[in-house]
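Analysis of the macromolecular model
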Amino acid sequence: MKKASLRGLALGASLFCMPTGASLFRVYVHQDAVQLGYALSAAERLRDGLHGRAQRLQVELAAQRSPSQLAQVARRLGLRPPSVGQVVSGHSSPAHLARAEVRRARHARR
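This write-up is about the structure you can find in this document.

Cut-offs applied
- Residues numbered from 1 in each chain as written.
- Predicted model: local features only at pLDDT ≥ 70, side-chain atom pairs only at ≥ 80, totals over all residues.
- Heavy atoms only, no water.
- Helix = DSSP H or I, 4+ residues; strand = E, 2+ residues; numbered from the N terminus.
- Buried < 20%, exposed > 50% of the residue type's maximum accessible area, 1.4 Å probe, protein only.
- Areas by Shrake-Rupley, 256 points an atom, 1.4 Å probe, with all protein chains shown as cover.
- Lys, Arg positive; Asp, Glu negative; His and termini not counted.
- Charge placed at Lys NZ, Arg CZ, Asp CG, Glu CD.
- Salt bridge = Lys/Arg side-chain N within 4 Å of Asp/Glu carboxyl O.
- Patch = residues over 30% accessible without salt bridge, like charges linked within 9 Å, V, L, I, M, F, W, Y side chains within 5 Å.

Description of the overall build of the protein chain
- Scanning the protein chain for helices and strands turns up 3 helices and 0 strands.
- Listing the helices and strands of the protein chain from first to last along the sequence gives α-α-α.
- The principal-axis extent of the C-alpha atoms belonging to the protein chain is close to 125 × 30 × 15 Å.
- Counting across all 110 residues of the protein chain, residues that qualify as buried make up 3%.
- Split by element, the accessible area of the protein chain, about 10,100 Å² in all, is 64% carbon and sulfur.
- For the protein chain, the separation between the mean place of its 18 positive charges and that of its 5 negative charges on side chains is 7 Å.

Considering the environment of A22
- Note on placement: A22 falls in helix α1 (residues 3-64).
- Along the chain, A22 and V59 lie 37 residues apart, while their C-alpha atoms are 55 Å from each other.

Some words on the pattern of salt bridges
- This model, assessed by the stated rule, comprises 2 salt bridges.
- R47 is paired through a salt bridge with D48; the nearest N and O atoms lie 3.1 Å apart.
- Here R47 falls in the exposed class, since its relative accessible area comes to 51%.
- The salt bridge partner of E101 is R104, with a shortest N-O separation of 2.4 Å. Highlighted residues: E101 and R104, both in helix α3 (residues 94-109), separated by 3 residues, approximately one helical turn.
- Exposure remark for E101: the relative accessible area of 44% places this residue in the partly exposed category.
- The partly exposed category is assigned to R104, whose relative accessible area is 31%.

A short note on a nonpolar patch on the surface
- Judged by side-chain polarity, F25, Y28 and V29 come together as a nonpolar surface patch covering roughly 340 Å² of accessible area.
- On the secondary structure map, F25 appears in helix α1.
- In this structure F25 comes out as exposed when scored by relative accessible area, which is 55%.

Thoughts on a positive patch on the surface
- A cluster of like positive charges, contributed by R99, R103, R106 and R109, occupies part of the molecular surface.
- Within the secondary structure, R103 sits in helix α3.
- Exposure remark for R103: the relative accessible area of 39% places this residue in the partly exposed category.

Written out as structure tokens, the structure reads:
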């Protein structure tokens, strides 16, 4: 073949392949973007579900910590309020501890 016809063939092939390659690349990028969109939507649904569950657990925790619920659990476990002298402050001085001991002794005599 002649050089001119080879150049024409190469030019024709490049004029066909370049737009075709660019179009295929555009389709690939678009499909990838759509897949990322689906993945993002699924992650957002999961996040929203977990956020709702966290809120329900916070409400349940607050209900479990309520004074009435704690009192009910304490009664079921057989717990009673402390007697005199069983509660000692962490900042107690020796004089305060002695007074508590005297109160405990008086209470025991009753």
